[in-house]
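Residues per chain are reported as follows:
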Amino acid sequence: SCSPASRDRTADSLDTASMNDIKLALLGSEGAGKSAVLVRFLTKRFIGEYASNANSLYRKRISIDGRQLNLEVFDPCSQSGESRCILEEPQEWADGFIVVYNISDRTSFLNAKNIVRQIKEARIENCKGEVEVPIYLVGNKQDLCHARQVCEDEARSLALENKCCFQEVSAAENYQEIFNLFIKLIRNVMDHLKYRADRRRYSGSKSMAKLINNVFGKRRKSV
Ligand SMILES: Nc1nc2c(ncn2[C@@H]2O[C@H](COP(=O)(O)OP(=O)(O)OP(=O)(O)O)[C@@H](O)[C@H]2O)c(=O)[nH]1
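Before going into details, it helps to say that this report is about the structure given with it. Note that the structure is a prediction, hence the values are computed from the model and not measured. (Residues numbered from 1 in each chain as written. Predicted model: local features only at pLDDT ≥ 70, side-chain atom pairs only at ≥ 80, totals over all residues. Heavy atoms only, no water.)

Within the element layout of this structure, Q176 appears in helix 6 (residues 176–222). Taking the relative accessible area as the measure of exposure, Q176 reaches 43% and is therefore partly exposed. Measuring from C-alpha to C-alpha, the distance between Q176 and K44 comes to 8.7 Å, with 132 residues separating the pair along the chain. (Helix = DSSP H or I, 4+ residues; strand = E, 2+ residues; numbered from the N terminus. Buried < 20%, exposed > 50% of the residue type's maximum accessible area, 1.4 Å probe, protein only.)

Spelled out as structure tokens, the structure:
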């Protein structure tokens, strides 16, 4: 029952199962509109005052490109400080991040900048710079552009520097853009998970090749 073939099949099915589980985290300043963006995506509606004094984990079954995915989205409560856990143990949880700021609040943008940096630093430590983690920088409250404190170009440059996607949205006024950005991020996460799984397989066979090479290589030398 423990033949290599059956072990491989188990590993493959485990990979497939985990590749259908997509875990996202929403991060950003208090009041930037994280919950509003998420609720818009999940319900198509804008809920102006959303009582959120706790961390929330939302689950949704979603079908993309013919694949059934189990989407989990973590929406931390800004006050609880628990969002830091996700940043400190990124391997353990989120596969992709949505970093939200409010275009009419410069402080929230500076905070978003910090969050992007922290995500990338945590990933570099944990994955030895393996591959870019999917991050979407989102400038919310575009409907408040008369009170704009962050110009679009500045945010786009930040995204570009950090290889993030970027989009300005209004959770209050628009559904389609928010829907599109979630789908794009989920696709990026799917690619990222596949890349990581392929790499694991490849490095597995590479280390086997190395082992064989070491054994036979040494023998050849001693002859
Ligand atoms: N004008 C406008 N207001 C918005 C928009 N999105 C959210 N808001 C308002 O901004 C406030 C904060 O929104 P939330 O979704 O609770 O923000 P949050 O980032 O989840 O905040 P915390 O849960 O405290 O971290 C609420 O009063 C929302 O109604 C938007 O696109 N436009």
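With that settled, consider the sheet that holds strand 4 (residues 96–102). To summarise the sheet geometry, strands pair through backbone hydrogen bonds and adopt either a parallel or an antiparallel arrangement. Strands sit in the order 2-3-1-4-5-6 across an open sheet of 6 strands; the sheet is mixed. Of all the strands in the sheet, the pair left with one neighbour each is strand 2 (56–64) and strand 6 (165–168). The sheet shows a mean angle of 20 degrees between the axes of neighbouring strands, taken without regard to direction. (Pairing = 2+ DSSP bridges. Axes fitted to C-alpha atoms, helices over the stretch in contact; angles between N-to-C directions.)

This paragraph deals with the packing of aromatic side chains. Enumeration according to the criterion identifies 5 aromatic pairs in this entry. Aromatic pair F41 and F182: ring centres 4.1 Å apart, planes at 5 degrees, arrangement stacked. Linking F41 in helix 2 (residues 34–43) with F182 in helix 6, this pair joins segments that are 141 residues apart in sequence. The two residues F41 and F182 agree in class, both being buried. Aromatic side chains Y101 and F109 sit 5.0 Å apart centroid to centroid with 70 degrees between the ring planes, which places their arrangement in the edge-to-face category. Each of the two residues, Y101 as well as F109, counts as buried. Feature note: the residues F41, Y175, F179 and F182 constitute an aromatic cluster, connected by ring pairs. (Phe/Tyr/Trp six-rings, centres within 6.5 Å; stacked < 30°, edge-to-face > 60°.)

Now for the state of the cysteines. Overall, the coordinates contain 0 disulfides when judged by the stated rule. With no disulfide of its own, C151 lies 13 Å from the sulfur of C145, the closest cysteine sulfur. With no disulfide of its own, C164 has C165 as its nearest cysteine by sulfur position, at a separation of 7.7 Å. (Disulfide = S-S within 2.5 Å.)

What follows concerns helix 5 (residues 152–161). One turn of an α-helix holds 3.6 residues; hence residues three or four places apart share an orientation. Residues A155, L158 and A159 constitute the buried set of helix 5. Angularly, the buried residues of helix 5 cover 100 degrees about the axis, an arc narrow enough to put them on a single face. Set apart from the buried face of helix 5 by more than 90 degrees, the exposed residues are D153, L160 and E161. Directly beyond the C-terminal end of helix 5, a positive phi value near 55 degrees is found at K163. (Arc of directions from axis to C-beta.)

Attention shifts here to the pattern of salt bridges. Counted according to the given criterion, the structure contains 9 salt bridges. The salt bridge involving R106 is made with E154; its shortest N-O contact spans 2.7 Å. Within this pair, whereas R106 is found in helix 4 (residues 106–127), its partner E154 is found in helix 5, the two being separated by 48 residues in sequence. You can call R106 partly exposed: its relative accessible area is 28%. Taking the relative accessible area as the measure of exposure, E154 reaches 29% and is therefore partly exposed. (Salt bridge = Lys/Arg side-chain N within 4 Å of Asp/Glu carboxyl O.)

Here we take up the pairing of strand 5 (residues 135–140). Across the 6 residues of strand 5, 6 count as buried, placing the element largely inside the fold. Side chains I135, L137 and G139 project from strand 5 onto one buried face, and the interleaved Y136, V138 and N140 project onto a second face that is buried too. Both strand 4 and strand 5 contribute to a ladder of 6 bridges, which runs parallel. Following the sheet pairing, Y101 is matched in strand 5 by G139. Direction of pairing for strand 5 relative to strand 6: parallel, over a ladder of 4 bridges. Bridged to V138 within strand 6 is Q167. In terms of handedness, the path from strand 5 via helix 5 over to strand 6 forms a crossover that is right-handed. (Right-handed = clockwise from strand over helix to strand, strands pointing away.)

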